[in-house]
Protein chains: 2
Amino acid sequence: MKKKLQISDIAKQLNVSITTVSFILNGKAKEKRISDDLTARVLKLVEEVGYRPNQLAQSLRTGKTKTIGLMVEDISNPFFANIARLIEERAHKEGYKIVYCSTEDDTERTKELISMFRDMHVDGYIITPPEGVEEDIKKLIADGFPVVLADRQVAGVDAHCVIVDNLLGAYNATTHLIERGYQRIAFITIDSKQSQMVQRLEGYTKALEENDLEAVVLEVPYRYDAKQMIQSITSFLEERKNIDAVLFATNYVAVRGLEEISQISPADAPAKLGLVSYDDHDVFKFFKPTVTAVAQPTEAIANHVINLMLNLLGQKNSTLKAETIILPTSLVVRNSSLHKTKV
Amino acid sequence: MKKKLQISDIAKQLNVSITTVSFILNGKAKEKRISDDLTARVLKLVEEVGYRPNQLAQSLRTGKTKTIGLMVEDISNPFFANIARLIEERAHKEGYKIVYCSTEDDTERTKELISMFRDMHVDGYIITPPEGVEEDIKKLIADGFPVVLADRQVAGVDAHCVIVDNLLGAYNATTHLIERGYQRIAFITIDSKQSQMVQRLEGYTKALEENDLEAVVLEVPYRYDAKQMIQSITSFLEERKNIDAVLFATNYVAVRGLEEISQISPADAPAKLGLVSYDDHDVFKFFKPTVTAVAQPTEAIANHVINLMLNLLGQKNSTLKAETIILPTSLVVRNSSLHKTKV
DNA sequence: TTGAAAGCGCTAACAT
DNA sequence: ATGTTAGCGCTTTCAA
């Protein structure tokens, strides 16, 4: 076990004080008017012997860990995985580490994770909040921590936030289906009061109302496992044979729905049933027919989130006024939403 | 900003010394024969005021962070995402935090991540190593850190390791295709010398040799993006029209391959071409025909990995003899590998 | 049974 | 321009 070097070892070898080394290492050489020569020698030795400051000591002393906590709903969902990857990349470039985890949209779990992050002394929090964590987030903000919410808002919490125009996205998707001749369009979503879900429902409803069509909504409990979800969707569709199109509120519900749909009647069901899903997904490119999706601008979301966070982190007091950034979605038209009669 | 409580605040309020509180908090009350009454009072106050010890200070003092570093190839690949989730769950129960990240099989990136983990003072390392990190891992072990390798071995490194029987898995998959009447079976893999890939190739080759069939291998550069990969697979298949089955060495190559195959001739190509992929994937259930896969026992892998790690962590000296655990795979037979003539 | 005090390795105010 | 030194908040030895 190679003994860990300390700053005192460096200082001793060069016959200078610890302070001097510390200043140089922290880029304060100029400011403290330390000779260029000495600065160079210190840096050279540090490099040679591979000295690395003890981060724990640094953090204990400065109160900063250079770490950002990132909590997404589910890191194995490509939508969140992508955003996480992009955020991490930027953060690293700026000298921040990211520690991330999945909330699984579980209130208790999320509270624990927030508490864990506090214990770890992360410098900032990026969160896709489930329901029921309003108070915890308010507390975070009240305690002066930089907080950026992503993907969804939290009512009554004045936090920086990056979301997409969910209402418009769902509205456009629905309108698209109507334009292609579909008339009995169902909306299959989960039983969540999260802002993004509520807004999608509103967009769907609005489009139908404008066209004097009737809304048919199935809310599947979020906690249902794959099998239960499929079952639920099955009986819903069974009982409403006249439905001619489905808009799924989110990709994982759509994936379950597709499993179901491809089983009912592998050959012709997809042909008869119009399909659109919120959130794109790899599977959609493989399904027959390929599935139309409301794609979210993951890159833009990630960029705005990390920019906001870095700004807050740069601030002395995180007193910037809370800013909500709303990004547009785009409709990726594939084969599952062609004109009804054309199929 | 609520002021953070310290251990001294607790001590003061109860008129006892810091030491006493510390002992009690660390479960040494009995050992130090502190009165049950006092113990109870301290615990009660701690609970009431919500005191939480400063982990940074604790770690600095004890040299332990109760954190395990987990580096997988790609956290957004369901295979790794699953393993990571299971490991994290167990680790939490044992009081450990997991900080994870993706190596993307990039040597330099991995070295940096190892170095980052060292800086963070993680207590143990779980790694799916890319090529070229032998020395870094040896160093970790030499320096006395608990290290567990997963999914692949590293030649010349005597580390604890959990893998599957890749040779047998590929052998069985190939034999399965042969039994169903396929004769010109290609193996599409990536140009990696990682143990698991080499072993899969060996299994494929062995099965062919035993049946006097000829091996036809395409090695796609790992660095290729989706488009390049597809292109590479396209020309390979174009030039070898007589191929009647393909064994993909890993799921993401298979996904690219399927994109290609479904495009060449959406209708009949899949029917004529036998398909099996190493690693299961959601997409395989949706493809027409559904794709046969060599499934890895993710749960067992995760369990063995975390058990090994916890054992090492419990040890005073990590001098346990390095142990390699080899788990069996299973063949999930779907429609893409039915008997050739039956299709 | 409990307490005083010495660090863990670093930063930065203060002194020179 | 560089050095001395007091902590950051905790654990643990040694003493009482």
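Remember, predicted model here, so these are calculated numbers, not experimental data.

Description of the overall build of chain A
The helix and strand tally for chain A stands at 14 helices and 12 strands. A compact globule built from 343 residues should have a C-alpha radius of gyration of about 20 Å, whereas chain A, at 26 Å, is more than 25% larger. Seen through its principal axes, chain A has C-alpha atoms that stretch 85 × 40 × 30 Å. Taken over 343 residues, chain A has a buried fraction of 52%. Taking the contacts inside chain A whose residues are at least 6 apart along the sequence as the reference set, 69% of them involve residues at least 24 apart. With the model as given, the accessible surface of chain A reaches about 15700 Å², and the carbon-plus-sulfur share is 49%.

A word on the relation of the copies chain B and chain A
Under the fitted operation, chain B is carried onto chain A by 0.0 Å of movement along the axis and a turn of 180 degrees, and the coordinates agree to an RMSD of 0.1 Å. On the angle and the small slide along the axis, the relation comes out as a two-fold axis. In this assembly the copies share their binding face: 98% of the residues contributing to the interface of chain B also contribute to that of chain A.

Quick notes on the sheet that holds strand E5 (residues 160-164) of chain A
All names here are of chain A. One open sheet accounts for 6 strands, arranged E2-E1-E3-E4-E5-E11; its pairing is parallel. At either end of the open sheet lies a strand with only one pairing partner, and these are strand E2 (97-102) and strand E11 (324-327). Between one strand axis and the next, the sheet turns through 15 degrees on average, direction left out of account. Sheet contacts for helix H5 (residues 78-93): strand E1 (67-72), E2 and strand E3 (124-127); angle to E2, the most-contacted strand, approximately 165 degrees.

Brief notes about the protein's contact with DNA strand C
Around DNA strand C lies a shell of 27 residues, among which A:Tyr51, A:Arg61, B:Ser17, B:Arg33 and B:Arg61 are the nearest. In the environment of DNA strand C, a phosphate oxygen lies 3.1 Å from a nitrogen or oxygen atom belonging to the backbone of A:Asn54. Taken together, the elements giving at least two residues each to the surface near DNA strand C come down to helix H2 (18-25) and helix H4 (55-62) of chain A together with helix H2 (18-25) and helix H4 (55-62) of chain B. Grouping the amino acids of the surface near DNA strand C by side-chain chemistry returns 10 nonpolar, 12 polar and 5 charged.

So, the domain arrangement of chain A
By domain assignment, chain A separates into domain 1 (7-53), domain 2 (64-163 + 299-327) and domain 3 (166-296 + 331-337). Each of domain 1 of chain A and domain 2 of chain A was reduced to a C-alpha centroid, and the two centroids are 36 Å apart.

What to know about the sheet that holds strand E1 (residues 67-72) of chain B
Residues and elements named next belong to chain B. What the 6 strands build is an open sheet, ordered E2-E1-E3-E4-E5-E11; its pairing is parallel. Where the open sheet ends on each side, the last strands, each with one partner, are strand E2 (97-102) and strand E11 (324-327). The mean angle between the axes of side-by-side strands here comes to 15 degrees, regardless of whether they run parallel or antiparallel. As judged from the 6 bridges shared by E1 and E2, these two strands associate in the parallel manner. The residue bridging Gly69 from the neighbouring strand is Val99, located in E2. In the packing of helix H5 (residues 78-93) onto the sheet, contacts are made with E1, E2 and strand E3 (124-127), and the angle to E2 comes to roughly 165 degrees.

A word on the interface of chain B and chain A
At the interface, 41 residues of chain B touch 40 residues of chain A. Between chain B and chain A, a total of about 3900 Å² is buried, with carbon and sulfur atoms accounting for 61% of that surface. The three residues of chain B that bury the most area against chain A are B:Leu56, B:Asp119 and B:Phe286, which together make up 19% of that side's buried surface. One can count 2 salt bridges joining chain B with chain A. As a salt-bridge pair, A:Arg52 and B:Asp119 come within 3.3 Å of each other at their nearest N and O atoms. For the pair chain B and chain A, the interface holds 4 residue pairs in polar contact (both at pLDDT 80 or more). In terms of residue count, the dominant contributor to the side of chain B that touches chain A is H4(B) (5 residues). Here the residues of the side of chain B that touches chain A are counted per class, giving 18 nonpolar, 11 polar and 12 charged.

Structural notes on the UniProt feature "domain: HTH lacI-type" (unreviewed entry) in chain A
Per the UniProt annotation, the sites labelled "domain: HTH lacI-type" (unreviewed entry) are residues 7-62 of chain A. When the span residues 7-62 of chain A is considered, its composition is 68% helix and 0% strand, and the gap between its end C-alpha atoms is 16 Å.

Remarks on the protein's contact with DNA strand D
The local shell around DNA strand D holds 27 residues, among which A:Ser17, A:Thr19, A:Arg61, B:Tyr51 and B:Arg61 are the closest. Here the atoms of DNA strand D within 4 Å of the protein split so that 64% fall in sugar or phosphate, with bases taking the remainder. Taking A:Ser17, its main chain carries an N or O atom lying 2.5 Å from a phosphate oxygen of DNA strand D. Separating a phosphate oxygen of DNA strand D from a side-chain N or O atom of B:Lys28 is a distance of 2.9 Å. Where the surface near DNA strand D is concerned, the elements lending two or more residues are H2 and H4 of chain A together with H2 and H4 of chain B. Of the residues that constitute the surface near DNA strand D, the class distribution is 10 nonpolar, 12 polar and 5 charged.

Structural notes on helix H10 (residues 226-239) of chain B
Since the α-helix turns once every 3.6 residues, residues separated by three or four places project in the same direction. Residues and elements named next belong to chain B. Helix length check: H10, at 14 residues, gives a terminal C-alpha distance of 20 Å against a target of 20 Å (1.5 Å per residue), a fit within 8%. Every buried residue of H10 is listed here: Met229, Ile230, Ser232, Ile233, Phe236 and Leu237. Along H10, the residues classed as buried sweep out an arc of 160 degrees about the axis, all on the same side. For H10, exposure combined with an orientation more than 90 degrees from the buried face picks out Lys227, Gln231 and Glu239. Where H10 starts, the residue carrying a side-chain oxygen 3.1 Å from the main-chain nitrogen of Lys227 turns out to be Asp225.

Calculation rules
Residues numbered from 1 in each chain as written. Chains lettered and ligands numbered in written order. Predicted model: local features only at pLDDT ≥ 70, side-chain atom pairs only at ≥ 80, totals over all residues. Heavy atoms only, no water. Helix = DSSP H or I, 4+ residues; strand = E, 2+ residues; numbered from the N terminus. Rg over C-alpha atoms; globule rule 2.2 N^0.38 Å. Buried < 20%, exposed > 50% of the residue type's maximum accessible area, 1.4 Å probe, protein only. Contact = heavy atoms within 4.5 Å. Areas by Shrake-Rupley, 256 points an atom, 1.4 Å probe, with all protein chains shown as cover. Least-squares fit on C-alpha atoms with pLDDT ≥ 70 in both. Pairing = 2+ DSSP bridges. Axes fitted to C-alpha atoms, helices over the stretch in contact; angles between N-to-C directions. Near = heavy atom within 4 Å. Polar contact = N/O pair within 3.5 Å; in protein donor to acceptor, adjacent residues only side chain to side chain. Nonpolar A, V, L, I, M, F, W, Y, C, P; charged D, E, K, R; others polar. Domains from an automatic or database assignment. Buried area = accessible area lost by both parts, 1.4 Å probe. Salt bridge = Lys/Arg side-chain N within 4 Å of Asp/Glu carboxyl O. UniProt positions renumbered as here; feature names shortened; annotations may be inferred. Expected span 1.5 Å × (residues − 1). Arc of directions from axis to C-beta.

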